[in-house]
Amino acid sequence: MREFDVQSIRGQASGDRLSDEIDQLLDEPEAPQHPLDSDKMRSELRQMLEWWYLEREKQSANRLEMAIDADFYDNYQWDKEDSAAVIDRGQMPLVYNEIAPAVDWLIGTERRTRADWKVLPRTEDDVSGADVKTKFLKYISDVNRVPFVRSRAFADAIKTGVGWVDDGVQDDPTQEVLYSKYEDWRNVLWDSSGYELDLSDARYVFRWRWVDEDIAFEMFPGRESVIRAAVDDVGAYDGEQDDEDMWYLGDPIRENRSGVLRTSGVSVSLEARRRRVKLIECQYRKPTQVHVVTEGPWRGTIIPDLDGQEHISAVPRLMMRVHFAVLTEAAMLAWSPSKLRHNGFTLTPIWCYRRGRDRLPYGVIRRVRDIQADINKRASKALWLSNTNQIVADEGAVADWDEAREEASRPDGVIIKRAGKDFEMVRDYQGASAQVEMMTLSAQGVQKAIGVNNENLGRATNAVSGAAIEARQNQGAVGTTEPFDNLRLAIQAQGEKQLSMAEQFVSEKRAIRITEAHGKIDWMRINEPVLQADGTWRYLNDITASRADFVVSEQDYAGTLRQVMAESLNQLAQKLPPESALRVMTIGLQFSDLPNKDEIVAALRRETGDRDPEKPMTPEDEQADAARAEAAQMQRDQALLAIEEQRARVREINAKAAKTEADAAVSGDSGQADVAMMARRMAADELDAMAEEIRKLQASLADRTSREHTEINKARIQAEAAIRMKEIEVASRERMAAIAARIETTNQEGE
C-alpha cells in the first residue's frame, strides 16, 4: 500500500512525520466525560462489583450442587468414572430414578391446588374499590399467565432450592403496563447475608444476560465504546462465556464452537461467531434522603421530590431506598433510583429449604442424592452378579481355559472337561438378592427423606382401610408443608408488589375483561371520568385513588388435606337435622375440587337463605334485615302493650281490694279483709308470670330466627310467636278477670 512505501523527503529526518501526528493528537480537545464515568459513579461501580465477586465466590460451591440436583431430576446421575467402569464390563449405566416421581408429586400438588387471593380495603368506604382492584389484578394475572410463571419458579425451588419471579412495569404500548415473568435461578445472585425470606433485609440482588452487541448499542445509546470494549467475541456455542456451565457431576460439558452449513447435500464447516456482551443488573439499597407521606390514604409512601406536590403532607426521612443499575464488569451503563412506590426488588424468591449455617438454598433432591446414586450402583451390581458365572474346577479340568471362560459366558456355551476332574459353574444369586434388598431399602429412604410416600403417589401398599391410607397421605402432606408455606409467602410478597404498581401506574381510562363462571365474559370500566352535578369531575373505579391490602386466602391446603376436610364435614352433615345439614354441606363444598363448586354453594345458600359473607350486602339483603327488625320491634311493642294492659287491671283490682278492706274495717268482717289481701297478691303474681312468659317467648323467637335463614321459615316462626303471644295475653286476661270477679262478689256480699 502507498502509505507504507518508503519515501525520501528533503529537510526531514526519519520519525519527524510520526512526531508531528502525535503532537496533533495531543493538541485536540478531550471528549467530554460521560456522567456515568464520574468519580461518584466509578465508586458505585466498584462497590457493586465487590458485592458481585463476593457472592460469586461465596455461592459457587452451592450453585454447583444445585446444578447437580437439577441433573439428577433429569436422569443425569452417573459420574464419568463410574459410568466408564460399568460400560467396560458390558453394561449400560442404567438410572432407576426414584427422585423424579416424588418431585413430580410436589410440583403437581402445587398446580392442582393453586392458591387464591383477594384485595381487602384499608378503610370502610373503600370496599367497592378493593373489589375493583381484585378483578383488575386477576385480569393482569390471566394476561401475564402468572399461575404458570409461579408454578415454573416453584418447580425450580423444589429441584434446586430457589426459584424466581420478576414483577415490574414496562412502556411497551403493545403490552400491559404490568408484567410478570419467570427468571432462571442460574442468572440470579442475591445477598446471602440476609435472613428474611422476602429479601426485605437484603442489600442487593444481581441478574445478568448475554446480549448481542448491536442490541446493547440500541439499549444504551452513548455507551457504545464501553460496550464494545466488553464484547466477548467467541463462538456461539462456547461454554466458557457463561458462568453457569452445564455440569455432568462435576465435569463441565463443552460444546463444539463450529457451525455446519449444509446445502445441496454438501456440508461445509465454518466458524460461527457471535459478538455478545454480558450485561449485569444490580438492584441494591443505599441510605437516601426522601420524603414520606404522613397523612391520608397514602401514608407511608415515598416521594422522591416534592416539586409540584407541596400540598401533600410529608416529612424528610433517611431510608434504605432501592436503586437500579446496569453495568458490565468494567463500566456503568445505566443508573437510577427506583421509581417503584413499594421500594422493593422486582425479583421475588420462592424458597424450598435453606441451610442453617449460611442460609443458602437447597431442594428436596439434595437430601436423597447420595441414596439415589447408591440405588443406581446397587441395581447395576445386582444385574452384573445375576449374569456373571464363576468357574470352580480342578487344575487341568479343561484343555484351554480361555476357551472355557468364553463358553461359560455364553448362554448356549459347550465346555468339554477331562474325565475325573471337577468342573463347576457358580452364579452368586445370594449376593444379587442382597443388593436388590438394599436397593429396596434405599428407595424407601428416598420417600422418607422427601416426605412423599407410596400412598401419596397412589401405589399399592399394606395399608388396606381407607382410614389408614388417609392417615399416611396426611403424614406426607404435613411432611412437605415448608415448601408450600414458603410459596404462600412468595405469593403474598409478589401480590403486594403487583398491587402497589397497579395503584401507582394504572391511571388511564379503559375497560377490562372479566371472565366469570362457565366462561361468561363481562366488562368493567376503570378510571372513567364522570361529570358531577356541581360541575366537578369524579373518576369511576379509580385504581390510583387509595391503597389496599393483598391477602392470600386462608383456605389454602394441600389437595389431600382439603379432600379429608370436605369428607369429614359431609359425614357430619349426615348426622344433623336437614336445615343444619345444608349449611354444613355448604362449608364442606368450599374445600372440594369440583369445578362448579361456586354455583353449587350459591344454590345451597339460596335454599337456606344464607348470605355470602365475602360479598357486600345488596339492597335486597338490607331490605330483608330491615323487615326482620321491624317485625321484631312489633313483637316487642305488642308485648309491652299486653303488659301495660295487665298493669291497668292490677291497679283496678287493687282499688277494689282497698274498698273491700275499708268496708271490712267498718263492719269488723275479717274474712273480707283476707279476700282483699289474697286478690292483691294473686294479681301481682299473675302480672309477673305473664311478663316471664313473654320474656321466654321473645328469647325463643330470637334464637330460632337467628338459626333460620329462609324467609319463609322466619315468617312461619314469627307467626307462631304472634299466636303464642295472643294465647298468653288471653289466658292472663281471663285469670285477671277471675280475680276481679271474686273480689267484686265479696264486695256485694258485704253490702
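Per chain, the residues get numbers from 1 upward, laid out in the order the sequence is written. Residues qualify for local features only when their pLDDT is at least 70, as the model is predicted, and side-chain atom pairs are given and counted only at 80 or more; totals for whole chains, interfaces and linings, by contrast, use all residues. Side-chain measures were taken over the full set of non-hydrogen atoms in the model, leaving aside hydrogen atoms and water.

Chemist: Explain the overall build of the chain here, please?
Modeler: Helix and strand definitions follow DSSP, with helices as H or I runs of at least four residues and strands as E runs of at least two, each counted in order from the N terminus. The secondary structure content of the chain amounts to 20 helices and 24 strands. For each residue, the accessible area found with a 1.4 Å probe, counting protein chains only, is set against the maximum for its type, and the residue is called buried under 20%, exposed over 50%, and partly exposed in between. Buried residues in the chain amount to 39% of all 751 residues. Only heavy atoms enter the contact rule, under which two residues are in contact if any of them lie within 4.5 Å. By sequence separation, contacts in the chain at least 24 residues apart represent 68% of the contacts at least 6 residues apart. Working note: accessible area of the chain is about 43,500 Å², and carbon and sulfur atoms make up 51% of it. Each accessible area is a Shrake-Rupley result for a 1.4 Å probe, and residues are judged covered by the shown protein chains and nothing else.

Chemist: Even after reading the chapter, I still don't get the side chain of S338, so can you show me in this structure?
Modeler: If you trace the backbone, S338 turns up in the loop between β14 (332–337) and β15 (347–351). We classify S338 as buried; its relative accessible area is 4%. Side-chain atoms alone can form a polar contact between residues adjacent in sequence; in general such a contact is a pair of N or O atoms within 3.5 Å, and within protein one must be able to donate a hydrogen while the other accepts it. At 3.1 Å, the side chain of S338 and the backbone nitrogen of L340 are in polar contact.

Chemist: Help me out: how do you make sense of the pattern of salt bridges in this one?
Modeler: If the charged atoms of two oppositely charged side chains come close together, the side chains can form a pair. A pair is scored as a salt bridge if a Lys or Arg side-chain nitrogen falls within 4 Å of a carboxyl oxygen belonging to Asp or Glu. Inspection of every chain in the model, using the stated rule, returns 27 salt bridges. Across the salt bridge formed by D116 and K138, the nearest N and O atoms sit 2.8 Å from each other. Placement of D116 in the loop between α4 (99–112) and β1 (117–121) and of K138 in helix α5 (residues 127–144) is noted, with a sequence separation of 22 residues between them. On the accessibility criterion, D116 (42% relative accessible area) is partly exposed. K138 sits in the partly exposed class, given a relative accessible area of 31%. The salt bridge partner of R651 is E644, with a shortest N-O separation of 4.0 Å.

Chemist: Can you walk me through the packing of helix α2 (residues 39–73) against helix α9 (residues 364–386) in this structure?
Modeler: α9 packs onto α2 with a crossing angle of 60° between their chain directions and a minimal axis gap of 10 Å. Regarding the angle of α2 to α9, the classification is oblique. Between α2 and α9 lies a crossing of left-handed hand. Within the contact between the two elements, α2 uses N62, E65, M66, I68, D69, F72 and Y73 and α9 uses I365, R366, R369, Q372 and A373. Its residues placed into classes, the contact of α2 with α9 shows 6 nonpolar, 2 polar and 4 charged. A fitted line through C-alpha atoms serves as each axis, taken over the contacting stretch for helices, and the angle formed by two N-to-C directions is quoted from 0 to 180°. Should an angle lie under 35 degrees it is considered roughly parallel, over 145 roughly antiparallel, and from 65 to 115 roughly perpendicular; all remaining angles are considered oblique. The hand of a helix crossing depends on one turn: near helix anticlockwise from the far one by less than a right angle means left-handed, and clockwise means right-handed. In this count, Pro and Cys sit with the nonpolar residues alongside Ala, Val, Leu, Ile, Met, Phe, Trp and Tyr, while Asp, Glu, Lys and Arg are called charged and the others, Gly among them, polar.

Chemist: It is not clear to me how the confidence of the model for the chain should be interpreted in this structure. Could you clarify?
Modeler: A low pLDDT means the predicted coordinates there should not be read in detail. When the pLDDT values of the chain are averaged, the result is 78; 76% of them are 70 or greater. Confidence scores labelled pLDDT are given residue by residue by the predictor and lie between 0 and 100. Below pLDDT 50 for its whole length, residues 555–560 participates in 15 contacts with residues either more than four positions away or in separate chains.

Chemist: Could you clarify how one ought to interpret the packing of aromatic side chains in this entry?
Modeler: Think of a pair of aromatic rings as described by two things: how far the centres are apart, and how the planes are tilted against each other in angle. We call Phe, Tyr and Trp rings a pair once their centres come within 6.5 Å, taking the six-membered ring for Trp, and we label the pair stacked below 30 degrees between planes, edge-to-face above 60, and tilted otherwise. Under the criterion given, the structure shown has 12 aromatic pairs. Ring centres of F154 and F484 lie 5.5 Å apart, and the angle between their planes is 40°; this geometry places the pair in the tilted category. On the criterion of sequence distance, the pair formed by F154 in helix α6 (residues 146–160) and F484 in helix α14 (residues 481–505) is long-range, its members being 330 residues apart. By relative accessible area, F154 is classed as buried at 1%. An aromatic cluster is built from W51, W52, Y204, F206, W208 and Y284, whose rings are joined through pairwise contacts. Here, a charge over a ring is recorded when the distance from Lys NZ or Arg CZ to the ring centre is within 6 Å and its angle to the ring normal is within 35 degrees. The ring of W117 carries K138 above its face, with NZ or CZ at 4.2 Å from the centroid. Here R359 stacks its cationic end above the ring of Y195, 4.1 Å away from the centre of that ring.

Chemist: Just checking my understanding: could you explain the environment of Y195 for this structure?
Modeler: Here Y195 is to be found in the loop between β4 (188–190) and β5 (204–212). Not counting residues up to four positions away in its chain, the partners in contact with Y195 are D201, R354 and R359.

Chemist: I tried to follow the sheet that holds strand β3 (residues 178–183) on my own but got confused; where do I start?
Modeler: Sheet strands associate in pairs through backbone hydrogen bonding, adopting either a parallel or an antiparallel arrangement. Any two strands between which DSSP finds at least two bridges are classified as paired. Across the sheet, 3 strands lie side by side as β3-β2-β15; this open sheet has antiparallel pairing. Strands at the two margins of the open sheet, each flanked by one partner only, are β3 and β15. Across the sheet, the mean angle separating the axes of adjacent strands is 25° when strand polarity is ignored. Two strands pair when backbone bridges link them, and strand β2 (residues 162–169) and β15 are joined in this way by 5 bridges, in the antiparallel orientation. Within β15, the position partnered with G163 by the bridge is I350.

Chemist: In this structure, what is going on with unusual backbone geometry? I would like to understand it.
Modeler: As a rule of thumb, non-glycine residues mostly have phi less than zero, and peptide bonds are mostly trans rather than cis. Of note, L199 is a non-glycine position whose phi angle comes to about 60°, a positive value. Within the element layout of this structure, L199 appears in the loop between β4 and β5.

Chemist: When you look at a negative patch on the surface in this model, what are you seeing that I'm missing?
Modeler: Together, E196, D198, D201 and E496 line one region of the surface with negative charge. Inspection of the secondary structure assignment puts E496 in helix α14. Exposure above 30% relative accessible area and no salt bridge define the residues that can form patches, which grow by joining like charges within 9 Å and nonpolar side chains of Val, Leu, Ile, Met, Phe, Trp and Tyr within 5 Å. His is not counted here, nor are the chain ends, while Lys and Arg score as positive and Asp and Glu score as negative. Charge positions come from single atoms, namely NZ of Lys, CZ of Arg, CG of Asp or CD of Glu.

Chemist: So what exactly am I meant to see when it comes to a nonpolar patch on the surface here?
Modeler: Together, M92, L94, Y96 and L383 make up an exposed nonpolar region whose accessible area comes to about 370 Å². With respect to the element layout, Y96 can be found in the loop between α3 (80–88) and α4.

Chemist: Would you explain the side chain of E503 in this entry?
Modeler: If you trace the backbone, E503 turns up in helix α14. The residues touching E503, leaving out its near neighbours within four places in the chain, are K133, W298, R341, I543, T544, S546, R547 and A548.

Chemist: Help me out: how do you make sense of α5 in this one?
Modeler: Note that an α-helix has 3.6 residues per turn; residues three or four places apart therefore point the same way. Each residue after the first adds 1.5 Å to the expected span of a helix. End to end, α5 covers 26 Å across 18 residues, agreeing with the expected 26 Å (1.5 Å per residue, within 8%). The set of residues buried in α5 consists of G129, A130, V132, K133, T134, F136, L137, Y139, I140, S141 and N144. Just downstream of α5, R145 is the residue with a positive phi angle, here 55°.

Chemist: I keep staring at the layout of surface pockets and nothing clicks. Help me out?
Modeler: In this approach the atoms are scanned with a rolling probe the size of a water molecule, which exposes any empty space left behind. Buried and open spaces are told apart on a 1 Å grid over the protein atoms alone, a cavity being a set of points where a 1.4 Å probe fits but cannot get out and a pocket being an open set with protein on both sides within 12 Å along at least five of seven lines. Residues with an atom within 4 Å of a point are the lining residues. Grid points are joined across faces, edges and corners, and a volume is the space filled by probe spheres set on the points. Space inside the second largest pocket adds up to approximately 940 Å³. Lining the second largest pocket we find 31 residues, and of these Y179, R207, E281, F324 and V326 sit closest to its centre. Contributions of two or more residues to the lining of the second largest pocket are made by β2, β3, β5, β11 (273–293), β13 (314–327) and β14. Partitioning the lining of the second largest pocket into residue classes produces 17 nonpolar, 6 polar and 8 charged.

Chemist: Looking at this structure, how should I read the packing of α4 against α9?
Modeler: For any two helices packed against each other, the geometry is given by the interaxial angle and the distance between the axes. Orientation of α4 relative to α9, taken along the N-to-C sense of each, is 165°, at an axis distance of 11 Å. With respect to α9, the axis of α4 lies roughly antiparallel. Pair α4 / α9 crosses with right-handed handedness. For the pair α4 and α9, contact is made by I99, V103 and L106 and by V364, I365, V368 and Q372, respectively.

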